[in-house]
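# Chain and residue survey
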Amino acid sequence: ARPMAAGNDQYNKLEQGQDVSKGIEEYQERHRRNYEICMVFKCKTSKAVKYDDGDVMSDLQQRSALFDPSDDARNTMSMWKQRREAILKSLQNCGLRLFCYYSRDRDEIIVKIGASPQKLRDTAARMKYKLQLKKQYLNAYAEYRHDFPGRPERHFKDRRVISHIYKTHTEDDFPDSDAIFNTLDKVNLIHHMITSKDKDCAGINIGNLLHQGNLKAYFPLHESHVITELKTNKVQWFLMPEDFANKFRNYFGDRIAFYFLWVSFYWKWLVPLAVAGLAMQFIDLLARTPDNITAIPFCILMSVWATLLPYFWRRQEAKYAIGWGTLDLVESLEKCRPEYYGDPRINPVTAQVEPYFDWRARLKYYALSATTMLFTTALLFAAVAMILLTRHTAKNSVPGGIWGFQIGMAAFVEITNWMLTKLSGWLTSLENHRTKSEHETHMLSKVMVLKFICSYCVLYYTAFFKHHSNLPFFQTVFLGQDMECWRDDCFLDLQWQLGIFVMFRLVVSNVVQYYSPKVKLWWRSTHLDIRQGVQNRGQSMNSLLHTTLAGHASLDLADMSAAEQQSKKDSYDEFVNEDEALISHGFATFFAVTSPWVCVASLFSVLIETAVEMKSLMDDRQRPIPYKARNNEPWSTAFDMYGVLAASTNIFLLIFASRQYESWSKTEKLVLFIYLEHMILFARLLLRLTFPQVPRNVELLQLKQDNMVHRCLENIKVEQNQDFSMFRDQHHDGIQVFDQDILDQNQDGNDDKELDFDMGGSASAFVSGIKGEFMKPRSWFS
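Anyway, here's the lowdown on the structure attached to this text. Just so you know, these numbers come straight off a predicted model, no measurement behind them.

Now for the overall build of the protein. For the protein, the count of helices and strands is 24 helices and eight strands. Relative to its 782 residues, the protein shows a buried fraction of 46%. Long-range contacts, defined as pairs at least 24 residues apart, comprise 75% of the intrachain contacts of the protein with a sequence gap of at least 6. When the accessible surface of the protein is summed, it comes to about 42,700 Å², and 59% of that surface belongs to carbon and sulfur atoms.

This is how it looks when you write it as structure tokens:
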């Protein structure tokens, strides 16, 4: 950080140096946190140019002279300054607190944003934001309301004091006025103040600013003491006990917490399967083939396990959702994606002007996506067939033999999967979906189809078709070559290929995931310095070479403030981690009957991936904007679909591809397959009736919490023994009791006579009514 220039008092009246800025940040971390969100604006086109520096001499200026910018660069920086000042003025006018300072190289302006306790309370009351209540109120979540002192004309009998029911997130005996808001609440409220067009909000479209490049970064600030606490006990990363899960959720939000809870739930379910698989693998070694009698019970176990896993996970989701107050979360109208375009129209819900893209215009892009996916599928099949043919013809002349080709196939799958992710993102962007959830759902559908074909097609071929290579179709594809399984055992061939896939992902993918943020930071800093060095011709070639080899030495994080260090990091992409977990789940379950030991390897892979992702999230990523979520959809549905595919694949593999039912006819095999499939479907139906997705104790707790919230917000006191003496009032006359119901009488004072049944009168009334209808004048427009 550097002091602001003398002419930039509109940003902040305090001109703090770097050491003072760091001291303020450390004090806020230890005592009170006044700022929650950070925005980073571009200030200069290059750190080596001179613009708006005033009389303040930085270390950079003392080391080397600054260059005068070109006219185009000066105009660009002036435009940035005008936009930046307009945005900051809007934030100030809506009552937000700002603290602005220059970056280390004075090429960026870092803005910390916070809100006063009263501003937080007013916004929460206006949003009807739900806060957690104290333990004696069942830890329920209720909308925030101000205390109502009552009206004098009613002698203050309608007074409502409810501020004491909200939980305080502090250990102090005398908490601050904003202690009812945890960090997650503050970030959500301040983010709403910045982006919403509600009353006393700035209404800034952050997504468009980031997409257009006018804003370099936007993220919640990390809390060093919370990160230290989360990193203290690394065992809790894997176990995810309730207390740790709540702390993790209160810091990163519901969506990310649900993902890591799913990973913890997954590996715990994987442990008994891995133990059973290890025992089965020992028997396979004795039998010298996985195609033995033990494949039958392990197939049944895997099919039941893959079917029950996603169902019981949904029950676990409901338990956490009730504790986080999101079980009854109602879907609200999402904002448009910044990339969304269309004709400007008025949104009938918000009455605001938004882009509108007709669904009929999207049909041609759907057709383009389908055509591209079909063409890509054909290319994948051709590439896999070419690799398999090359393996068959050159396996004895290539170092490593068959294993070398299997490792090459694993590398091909991983690289192609990365390319397919980019292709799916491009196709989904062309479809121009309005919201982020729609975009991710359509992208997930494409990624699932393309990666399923790329990742598992060679395994399906080896399992079901390789021993049928004499068929005319395969003779044409493989140019008349008869493909052979290793040791004439396709189960053994499939086992080795599947094992290499899993081990390759265990080693290479985790290494890439761990080092990719560091490599990106190195490349970004190197590319930036080289570009600036080329623009500023005064830098020598030796200096450029030193910059390239030294990496981010020029961006030494030790010289930056905490907020500037965080701004240099990459944002967290939840989609990538969920996608990788789904692919790994397929490798662990689809062909487990041929490779029981893969369950053990998958267990270690999940544990290592959890450690790598946790460390990357806390150390190498910006803190993401927390979002509320009821569950882990649409990924829970994706895992459910993979569970059905895993059960069907293992049963089909056992019946039609193994030697256990070799003496059976095709009809008998088909009948057995249909029978087992229907048994699994019946088990799912019985499971749904016996164990509902939302457990009964969760439903009961929700009813109790709803009742408690209603009583607390309306100041309703319920006592076991009601004392009716409080309703006595001697100043009013007694209540008069009449002998009969005088209101149920005619004007004559006589009771109504009972109706008599008259068949002739009813018929005449019916005929006269029909005649009256036909006699009415009518027109063609009536």
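Moving on from the model shown.
What follows is about the packing of aromatic side chains. Taken as a whole and judged by the stated rule, the model has 42 aromatic pairs. Between Phe265 and Trp313, the aromatic rings sit 5.6 Å apart at their centres with planes inclined by 45°, giving tilted as the arrangement. Taken together, the residues Phe265 in helix α10 (residues 254–287) and Trp313 in helix α11 (residues 295–324) connect sequence positions 48 residues apart. Taking relative accessible area as the criterion, Phe265 reaches 12% and is therefore assigned buried.

With that settled, consider the pattern of salt bridges. Summed over all chains, the structure comprises 29 salt bridges. As a salt-bridge pair, Arg104 and Asp105 come within 3.0 Å of each other at their nearest N and O atoms. By relative accessible area, which is 9% here, Arg104 ends up buried. Shared partners join several salt bridges into a network, and the residues in it are Glu143, Arg145, Arg160 and Glu714.

Attention shifts here to the sheet that holds strand β6 (residues 215–220). Pairing in this open sheet of four strands is antiparallel, and the strands run β2-β3-β1-β6 from one edge to the other. At either margin of the open sheet sits one strand with a lone partner, and together these are β2 (97–102) and β6. Between one strand axis and the next, the sheet turns by 15° as a mean value, whatever way the strands run. Those strands touched by helix α3 (residues 71–93) are β1 (37–42), β2 and β3 (108–114), and its axis lies near 160° from that of β1.

Here the focus is helix α21 (residues 635–657). One turn of the α-helix equals 3.6 residues, which is why residues spaced by three or four share an orientation. If you check α21, its first and last C-alpha atoms are 31 Å apart, about what 23 residues at 1.5 Å a residue would give, namely 33 Å. Of all 23 residues that make up α21, 17 are buried, and the element is covered over most of its length.

Burial of β1 is extensive: five of the six residues sit out of reach of the surface. Direction of pairing for β1 relative to β3: antiparallel, over a ladder of six bridges. By the bridge assignment for β3, Cys38 is matched with Lys112. With five bridges joining them, β1 and β6 adopt antiparallel strand pairing. Within β6, the residue paired with Phe41 across the bridge is Leu215.

Moving on to helix α22 (residues 666–690). For α22, spanning 25 residues, the distance from its first C-alpha to its last is 36 Å, which sits close to the expected 36 Å at 1.5 Å a residue. Buried residues along α22 sit in contact with α11 and α21.

Analysis parameters
- Residues numbered from 1 in each chain as written.
- Predicted model: local features only at pLDDT ≥ 70, side-chain atom pairs only at ≥ 80, totals over all residues.
- Heavy atoms only, no water.
- Helix = DSSP H or I, 4+ residues; strand = E, 2+ residues; numbered from the N terminus.
- Buried < 20%, exposed > 50% of the residue type's maximum accessible area, 1.4 Å probe, protein only.
- Contact = heavy atoms within 4.5 Å.
- Areas by Shrake-Rupley, 256 points an atom, 1.4 Å probe, with all protein chains shown as cover.
- Phe/Tyr/Trp six-rings, centres within 6.5 Å; stacked < 30°, edge-to-face > 60°.
- Salt bridge = Lys/Arg side-chain N within 4 Å of Asp/Glu carboxyl O.
- Pairing = 2+ DSSP bridges.
- Axes fitted to C-alpha atoms, helices over the stretch in contact; angles between N-to-C directions.
- Expected span 1.5 Å × (residues − 1).

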